[in-house]
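Read off the chains here:
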Number of protein chains: 6
Amino acid sequence: MVYLTRRERFNAAHKLWVKDWSKKKNRQVFGKCANKNWHGHNFELFVTVKGTPDPDTGFVMDAKKLSDLIKKKVLKHLDHNNLNLDVPFIPKGMQPTTENLVLVIWQQLEPHIKNCQLHSVKLYETENIFAEYLGE
Amino acid sequence: MVYLTRRERFNAAHKLWVKDWSKKKNRQVFGKCANKNWHGHNFELFVTVKGTPDPDTGFVMDAKKLSDLIKKKVLKHLDHNNLNLDVPFIPKGMQPTTENLVLVIWQQLEPHIKNCQLHSVKLYETENIFAEYLGE
Amino acid sequence: MVYLTRRERFNAAHKLWVKDWSKKKNRQVFGKCANKNWHGHNFELFVTVKGTPDPDTGFVMDAKKLSDLIKKKVLKHLDHNNLNLDVPFIPKGMQPTTENLVLVIWQQLEPHIKNCQLHSVKLYETENIFAEYLGE
Amino acid sequence: MVYLTRRERFNAAHKLWVKDWSKKKNRQVFGKCANKNWHGHNFELFVTVKGTPDPDTGFVMDAKKLSDLIKKKVLKHLDHNNLNLDVPFIPKGMQPTTENLVLVIWQQLEPHIKNCQLHSVKLYETENIFAEYLGE
Amino acid sequence: MVYLTRRERFNAAHKLWVKDWSKKKNRQVFGKCANKNWHGHNFELFVTVKGTPDPDTGFVMDAKKLSDLIKKKVLKHLDHNNLNLDVPFIPKGMQPTTENLVLVIWQQLEPHIKNCQLHSVKLYETENIFAEYLGE
Amino acid sequence: MVYLTRRERFNAAHKLWVKDWSKKKNRQVFGKCANKNWHGHNFELFVTVKGTPDPDTGFVMDAKKLSDLIKKKVLKHLDHNNLNLDVPFIPKGMQPTTENLVLVIWQQLEPHIKNCQLHSVKLYETENIFAEYLGE
């Protein structure tokens, strides 16, 4: 079992805001992440698959195809978009935190990984904060 | 003459859009940077001052005070805000590109640098793109 | 189960020296790390907690609160201090190696993590050496 | 159980090419990685061992000795060499992909790790692609 | 005058070898960089142009077009190729050192920079070595 | 004229403290950098030389020889030492700030650079603070 990881990047806007809460409570819980007119990040995404290297190619999975898959299923929707408004696979009302994003990105990718398994989705929001989901 | 640089970071949303242009022309020129609902970046800012180290302290400028100044005059307005909507020192209609941002950040800082000189304002928008202004 | 990681940094002095050993043996085992007048590092600390994102906030834990906790329980004692002399939670005679530091940092943090679990404490001493402890 | 990691680097040439395949099929599968006259990378290698810190030294393993071992058993053969032509421990016909490289590097190191255990061999081929092997 | 920089990357093989020298002298001067079967690097290229931001777009130059130009005039020839054998714009017998590479990359780009000026070509061969050329 | 840069690293302890000042004034000016028992850093040093690439070797200066020179004249004295106590070329009473360090490192190196010129000495104290000296 070898683990292969591909890094991708996307730039997106978001804010953290619970509709049913007062402005004051949103401010208390989310601080400046609740600012009205959005802020944004350079997100760094690490997707790891695991499997046995093919005896001919030496590939667990073709890293180029993994990249294409991430672009098609994930980045196309997230890159240069607004995570609260524009993304079909982020349910309405779900906060676009890194923790929630790794969950929905996993769901976007997992059905399309063939001949090996999705192992991890890791997402950096800043150089100081990242979240990871291992599927369970 | 010694050059001292301080790095700061801020996270902001923006888009590139010329009001007087058609949607089509905006798309042609700015691509996905013109997307309607904003996107954003982790901006990295490098501010360099130059001068002679003080004989007692060995400081060209106290790096902590330089940091405080950048926070007060620049980051307070940019961090977790929308560069098109929220920033008093970005003129209406000025595109918030990295090139324009280094110019307005220079203007925010320059009058407040005492006992040494502002030398450079450099701003990374992504790991692949940055702009620098040297005051002339 | 989602894993959330927060990076923090501290700058500290230390040396490696076993009191009961001769100068020669200390030199043999620790090399220049045994130099008399200390040396130091920019330590990079990664603390990972795991849990289920809160349905309202999308947080496993508020990253700001995790940062505050690390600052209060760990960095306050380590940052700009001497790891051999100044830190109440490093037992006398324990070598301040990265391996031992992750153990004592774990003990400082673990009792204070509420509503989720401490998963990992990872510490970089240089860009080439780091240690990690997972609690068992 | 504490995990200690050492980073090392090597620069090598390689290409991906299956002898029994046509030029066209090699091109289809490997793209520009099949270019005739080789290309190369700055590989970054992370070797992790696990064990209990020694009560005297605080070391799971002396990081300097781990570095020496990696240099002697791995880098001596890989650094500034051609991974398809020059490396005794890469079997003829095995593609020098990152996935296969972590497997053979593991085999080079594992028998020589004493008093603690080899836990992981991780190899970056570029900033966007890396593979890891955990021994099973 | 604002400076805009674009980072690009390419992976290539090379070796350093003077034909008219003995094997021994090549070894003395170039060390393992003279190894017969090539080695390689992940090269990081920083291209800087300077000019006045356009009043409408805020661009000194469209960073996407700068990237396209670098890809077309430089990376197409260098990426996944052999710098000693495959590159039309590296004269036969010129050593493919970082110092020489920045010179020939400058010559490839300079005639095609319109409406602003090429300011700098900087090239990292490893994290420890880079060269820069400013056109004079 | 091509600029060639070599990165080196050293780990050292220091503190900032003016003997003739009260404890209170030292604390006011230097904050936690004045802590009694020292702190330390992973310093990153970038030394740049400039010249014309040799027609045979393509070198402005052999980067290996530049590295050896930096190790012999600078790192031997700074690495794993105390910048306030152990370094012959730091005058007594000179604060070991990054600003002062680039000055004394320049003086250590400049007389030994042959056939090309020393252009810059740049020193990172942390990821957020660095100083540079250009010789004038």
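Let us look at the structure shown here. Predicted model, so just to flag it, every value in this text is computed and none were measured. All residue numbers refer to position in the chain's written sequence, counted from 1. Here every chain gets a letter starting at A, and every ligand a number starting at 1, in the order they are written. Local features in this predicted model are restricted to residues of pLDDT 70 or higher, and side-chain atom pairs are both shown and tallied only at a pLDDT of 80 or more, whereas totals for entire chains, interfaces and linings draw on every residue. Hydrogens and water molecules were not included; the side-chain quantities draw on all heavy atoms of the structure.

## Looking at the relation of the copies chain A and chain B
In this structure, two copies of a chain are linked by a rotation about an axis accompanied by a shift along it. The copies were overlaid by least squares, fitting only the C-alpha atoms of residues that reach a pLDDT of 70 or more in each copy. For the pair chain A and chain B, the best superposition has an RMSD of 0.0 Å and corresponds to a rotation of 180° with a translation of 0.0 Å parallel to the axis. Such a combination of rotation and displacement between the chain copies is what one expects of a two-fold axis. Mapped onto chain B, 100% of the interface residues of chain A again fall at the interface, so both copies present the same surface. The contact definition used throughout considers only heavy atoms, calling two residues in contact when any of these lie within 4.5 Å.

## What about the sheet that holds strand 3 (residues 117–126) of chain F?
Overall, antiparallel pairing links the 12 strands, which are arranged 1(B)-2(B)-3(B)-4(B)-1(E)-2(E)-3(E)-4(E)-1(F)-2(F)-3(F)-4(F) in a closed barrel. Each neighbouring strand pair of the sheet contributes to a mean axis angle of 25°, computed without reference to strand direction. Think of each axis as a best-fit line through the C-alpha atoms, taken over the contacting stretch in the case of a helix, with angles from 0 to 180 degrees between the N-to-C directions. Per the convention used, a helix needs a DSSP run of H or I reaching at least four residues, while a strand needs a run of E reaching at least two, with both numbered from the N terminus. Contacts from helix 2 (residues 63–78) of chain F reach strand 4 (129–133) of chain E together with strand 1 (2–14) and strand 2 (39–51) of chain F within the one sheet, and its direction differs from that of strand 1 of chain F by about 25°. Most of the contacts of helix 3 (residues 98–109) of chain F go to strand 3 of chain F, to which it runs at about 145°, and overall it touches strand 1 (2–14) of chain B together with strand 2, strand 3 and strand 4 (129–133) of chain F. Two strands pair under a simple rule: DSSP has to find at least two bridges between them.

## Structural notes on the interface of chain D and chain E
At the junction of the two partners, chain D supplies 24 residues and chain E supplies 24 residues. Summed over both partners, the interface of chain D with chain E buries about 2000 Å², with 42% contributed by carbon and sulfur atoms. Take a side-chain nitrogen of Lys or Arg and a carboxyl oxygen of Asp or Glu: if they are within 4 Å of each other, that pair is a salt bridge. On inspection of chain D and its partner chain E, the count reaches six salt bridges. The closest approach of N and O atoms between Arg7 of chain D and Glu127 of chain E, which form a salt bridge, is 2.7 Å. Whenever two N or O atoms come within 3.5 Å, that pair is a polar contact, provided that in protein one can donate a hydrogen and the other can accept it, and provided that, for residues adjacent in sequence, both atoms are side-chain atoms. Between the two partners, chain D and chain E, sit 21 residue pairs in polar contact (both at pLDDT 80 or more). Residue assignment for the side of chain D that touches chain E shows that the elements contributing at least two residues are strand 1 (2–14), strand 2 (39–51) and strand 3 (117–126) of chain D. At five residues, strand 1 of chain D tops the list of elements feeding residues into the side of chain D that touches chain E. When its residues are assigned to classes, the side of chain D that touches chain E shows five nonpolar, 12 polar and seven charged. Summed over both partners, the accessible surface that disappears when two parts come together, traced with a 1.4 Å probe, is what is meant by buried area. The residue classification treats Ala, Val, Leu, Ile, Met, Phe, Trp, Tyr, Cys and Pro as nonpolar and Asp, Glu, Lys and Arg as charged. All others, Gly included, are polar.

## Things to note about helix 2 of chain F
All names here are of chain F. Throughout, the bend at a residue refers to the angle made by two axes, fitted to the seven residues ending there and to the seven starting there. Its maximal kink placed at Lys71, helix 2 deviates by approximately 45°. Buried within helix 2 we find Ala63, Leu66, Ser67, Leu69, Ile70, Val74, Leu75 and Leu78. Regarding helix 2, its N-cap is Asp62, as a side-chain oxygen of that residue lies 2.9 Å from the backbone nitrogen of Lys64 further along. Of the residues trailing helix 2, His80 is marked for its positive phi of about 60°. Type-normalised accessible area, obtained with a 1.4 Å probe on protein chains alone, sets the label of each residue: buried when under 20%, exposed when over 50%, and partly exposed for intermediate values.

## With respect to the interface of chain A and chain B
Counting from both sides, the interface comprises 24 residues of chain A and, opposite them, 24 residues of chain B. Between chain A and chain B, a total of about 2000 Å² is buried, with carbon and sulfur atoms accounting for 42% of that surface. Our count for the chain A to chain B interface comes out at six salt bridges. For the salt bridge of Glu127 of chain B with Arg9 of chain A, the shortest nitrogen-to-oxygen distance reads 3.4 Å. Where chain A packs against chain B, one counts 21 residue pairs in polar contact (both at pLDDT 80 or more).

## A few points about the relation of the copies chain D and chain E
Under the fitted operation, chain D is carried onto chain E by 0.0 Å of movement along the axis and a turn of 180°, and the coordinates agree to an RMSD of 0.0 Å. A share of 100% of interface residues in chain D that are also interface residues in chain E marks the association as one of identical surfaces.

## Concerning the sheet that holds strand 3 of chain D
If you trace the 12 strands once around the closed barrel, you get 1(A)-2(A)-3(A)-4(A)-1(C)-2(C)-3(C)-4(C)-1(D)-2(D)-3(D)-4(D), paired in antiparallel fashion. For this sheet, the mean inter-axis angle between neighbouring strands, taken without regard to orientation, is 25°. In this sheet, strand 3 of chain D lies alongside strand 2 of chain D in antiparallel orientation, the contact comprising seven bridges. The partner of Leu45 of chain D across the bridge, within strand 3 of chain D, is Leu123 of chain D. Together, strand 4 (129–133) of chain C together with strand 1 and strand 2 of chain D form the strand contacts of helix 2 (residues 63–78) of chain D, whose direction differs from that of strand 1 of chain D by roughly 25°. Contacting strand 1 (2–14) of chain A together with strand 2, strand 3 and strand 4 (129–133) of chain D, helix 3 (residues 98–109) of chain D crosses the sheet at an angle of about 145° to strand 3 of chain D.

## Considerations on helix 3 of chain F
Here helix 3 of chain F is 12 residues long and its end C-alpha atoms lie 16 Å apart, about the 16 Å a rise of 1.5 Å per residue gives. Regarding helix 3 of chain F, the residues found buried are Thr98, Glu99, Asn100, Leu101, Val102, Leu103, Val104, Ile105, Trp106, Gln108 and Leu109 of chain F. Here the expected span of a helix is defined as 1.5 Å times the quantity of residues minus one.

## A short note on the pattern of salt bridges
Pairs may arise between side chains of opposite charge once their charged atoms sit close together. In the structure shown here, the tally under the stated rule is 48 salt bridges over all chains. Taking the shortest distance from any N to any O, the salt bridge between Glu8 of chain E and Arg6 of chain E comes out at 3.0 Å. Across the pair, Arg6 of chain E and Glu8 of chain E agree in class, each one buried. Among the charged side chains, a salt-bridge network with shared partners connects Arg7, Arg9 and Glu44 of chain A, Glu127 of chain B, Glu127 of chain D together with Arg7, Arg9 and Glu44 of chain E.

## Observations regarding the packing of aromatic side chains
Stacked, tilted and edge-to-face are the three classes applied to pairs of Phe, Tyr and Trp rings, where Trp contributes its six-membered ring and a pair requires centres within 6.5 Å; stacked means planes under 30 degrees apart, edge-to-face means over 60, and tilted covers the rest. Under the counting rule described, the total for this entry stands at 42 aromatic pairs over all chains. When the ring of Phe46 of chain B is compared with that of Phe130 of chain F, the centres are 6.4 Å apart and the planes differ by 50°; the resulting orientation is tilted. One end of the pair, Phe46 of chain B, is in strand 2 (residues 39–51); the other, Phe130 of chain F, is in strand 4, on a second chain. Here Phe46 of chain B matches Phe130 of chain F in class, with each residue buried. Ring pairs connect the aromatic residues Phe46, Tyr124 and Phe130 of chain A, Phe46, Tyr124 and Phe130 of chain C together with Phe46, Tyr124 and Phe130 of chain D, which therefore count as one cluster. By the criterion adopted, a ring carries a charge over it if an Arg CZ or a Lys NZ lies within 6 Å of its centre and within 35 degrees of its normal. The lysine or arginine in question, Lys15 of chain B, covers the ring of Trp17 of chain B, its NZ or CZ lying 5.7 Å from the ring centre. Sitting over the face of the ring of Trp38 of chain B, Lys15 of chain B holds its NZ or CZ atom 4.6 Å from the ring centroid.

## Re the pairing of strand 2 (residues 39–51) of chain C
Residue and element names in this part refer to chain C. Within strand 2, 12 of the 13 residues are buried, which leaves it mostly tucked inside the rest of the structure. By the bridge criterion, 13 bridges tie strand 1 (residues 2–14) to strand 2 in an arrangement that is antiparallel. Counterpart to Val2 in the pairing with strand 2 is Gly51.

## So, the environment of Thr98 of chain F
Along the polypeptide, Thr98 of chain F turns up in helix 3. Sequence separation between Thr98 of chain F and Asn128 of chain F is 30 residues, and the spatial gap between their C-alpha atoms is 12 Å. Residues contacting Thr98 of chain F, with those up to four places away along its chain left out, are Leu4 of chain B together with Phe43, Leu123, Glu125, Ile129 and Ala131 of chain F.

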